[in-house]
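An overview of the molecular structure
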Amino acid sequence: TCALPIYPGALDVSGRTDGTLTLVNNQTLRGDNGSYVRGNVVASSGTMITPGGPTNIQYMSISNNLTLQSGSTVAMDVSLDGGATNDLIRVVGAMNYGNATLQITNIGATALTNGASFKLFNNGSFSGNFATISGSPGAGLSWTFNPTNGIATVLGTLPTNPPPISFTVSGGQLTLSWPTAYLTYVLQSQTNSLNLGLSTNWVDVSGSGSSTQSVININSANPTVFFRLRKP
């Protein structure tokens, strides 16, 4: 059994057979500034990871991999007082978001605004995404999270007018981009024969709903390819 740190310090599980700290139901792993776990961490259902606990902007580190499982929660604090600050979890290895819940709390006196962003995770690589983001950023606002860079962003009401898409072509790649106001809109594509042209066989481009840009490898064997953005 390993005691979980409450104050800054190190928890070394690298000597275990599996080199892993596995949190079990109702356990919370809290790391204050400078705290780190040497080894892997697995957060199973019913557990929580939080830097600094409630009402503190803190950071913690994990030397290897962090695996979140469905039903687990990561609780993070943010603030715009004196500029954007937030809790941070640094993962040297791979981060698996595992359909867990991301809980975000504004602990500052300053109200959150549309477009405010907070880098909550810094990891070597990632897989998956959070299934749910809990904690309202304010009336008429919502959260979106980009697993590719670990950034949570406050969104206002999504525009309903048709989104403009700009493009560039370079080195056999097509880069499509659209304004940040349309973040969470999903890019769709369809590929058809020349005699068919545009049809109804739209498919979502993976990962496009958490970004405002998509890079497409051009395949000259495709007769016709169409793109559009759909409102989520």
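Residues numbered from 1 in each chain as written. Predicted model: local features only at pLDDT ≥ 70, side-chain atom pairs only at ≥ 80, totals over all residues. Heavy atoms only, no water.

**Overview of the side chain of Asp 77**
Threshold: The helix count covers DSSP runs of H or I at least four residues long, the strand count covers runs of E at least two residues long, and both are numbered beginning at the N terminus. Burial classes: relative accessible area under 20% of the type maximum marks a residue as buried, over 50% as exposed, and values in between as partly exposed (1.4 Å probe, protein chains only). Charge counting treats Lys and Arg as positive and Asp and Glu as negative, with His and both chain ends excluded. By definition, a salt bridge exists where a carboxyl oxygen of Asp or Glu is found within 4 Å of a side-chain nitrogen of Lys or Arg. Here, residues are in contact when the closest pair of their heavy atoms is within 4.5 Å.
Relative to the assigned elements, Asp 77 resides in strand β9 (residues 73–79). One buried charged residue, Asp 77, remains without a salt bridge, the closest side chain of opposite sign being Arg 30 at 9.2 Å. Aside from chain neighbours lying at most four places away, what touches Asp 77 is Gly 53, Pro 54, Thr 55, Asn 56, Ile 57, Asn 86, Asp 87, Thr 105 and Ile 107.

**Concerning the nonpolar core**
Operational definition: Residues enter a nonpolar core if they are buried and are Ala, Val, Leu, Ile, Met, Phe, Trp, Tyr or Cys, with the set joined through side-chain atoms within 4.5 Å.
Ranked by size, the top nonpolar core spans 34 residues in total, and within it Ile 49 and Phe 121 carry the most contacts. Beyond its immediate sequence surroundings of up to four residues, Phe 121 is in contact with Val 74, Met 76, Leu 88, Ile 89, Met 95, Tyr 97, Leu 102, Phe 130, Phe 145, Asn 149 and Gly 150.

**Observations concerning the layout of surface pockets**
With a probe scaled to a water molecule rolled over the atoms, the places where space remains empty come into view. Cut-off, in case you're wondering: Within this scheme a cavity is a closed region of a 1 Å grid, computed over the protein atoms alone, that accommodates a 1.4 Å probe without allowing it to escape, whereas a pocket is open but has protein on both sides within 12 Å along at least five of seven lines; lining residues each have an atom within 4 Å of a point. Grid points are joined across faces, edges and corners, and a volume is the space filled by probe spheres set on the points. Each residue gets one label: Ala, Val, Leu, Ile, Met, Phe, Trp, Tyr, Cys and Pro are nonpolar, Asp, Glu, Lys and Arg are charged, and the others, such as Gly, are polar.
Estimated volume of the largest pocket: approximately 300 Å³. Looking at the largest pocket, it is lined by 20 residues, and the ones nearest its centre are Thr 153, Leu 155, Thr 180, Leu 183 and Thr 212. Mapped onto the lining of the largest pocket, the elements with two or more residues apiece are β16 (142–146) and β17 (151–155). Top contributing element to the lining of the largest pocket by residue count: β17, with 4 residues. Looking at the lining of the largest pocket residue by residue, the class counts come to 7 nonpolar, 13 polar and no charged.

**Considering the pairing of strand β22 (residues 213–217)**
Let me state the cut-off plainly: Paired strands are those between which DSSP finds at least two bridges.
Only one face of β22 is buried, namely the one carrying Ser 214 and Ile 216, since none of Gln 213, Val 215 and Asn 217 on the opposite face is buried. Direction of pairing for strand β19 (residues 173–177) relative to β22: antiparallel, over a ladder of 5 bridges. The residue of β22 that forms the bridge with Leu 176 is Ser 214.

**Some remarks on the packing of aromatic side chains**
Short version of the rule: Aromatic contacts are taken between Phe, Tyr and Trp rings whose centres are within 6.5 Å, Trp giving its six-membered ring; a plane angle under 30 degrees counts as stacked, one over 60 as edge-to-face, and the others as tilted.
One pass over the full model with this rule turns up 9 aromatic pairs. On the numbers, 5.7 Å between centres and 85° between planes, the contact of Tyr 97 with Phe 121 is edge-to-face. Taken as a pair, Tyr 97 in the loop between β11 (88–96) and β12 (101–106) and Phe 121 in strand β14 (residues 121–127) lie far apart in primary sequence, 24 residues in all. Of the residues examined, Phe 121 reaches a relative accessible area of 1% and is grouped as buried.

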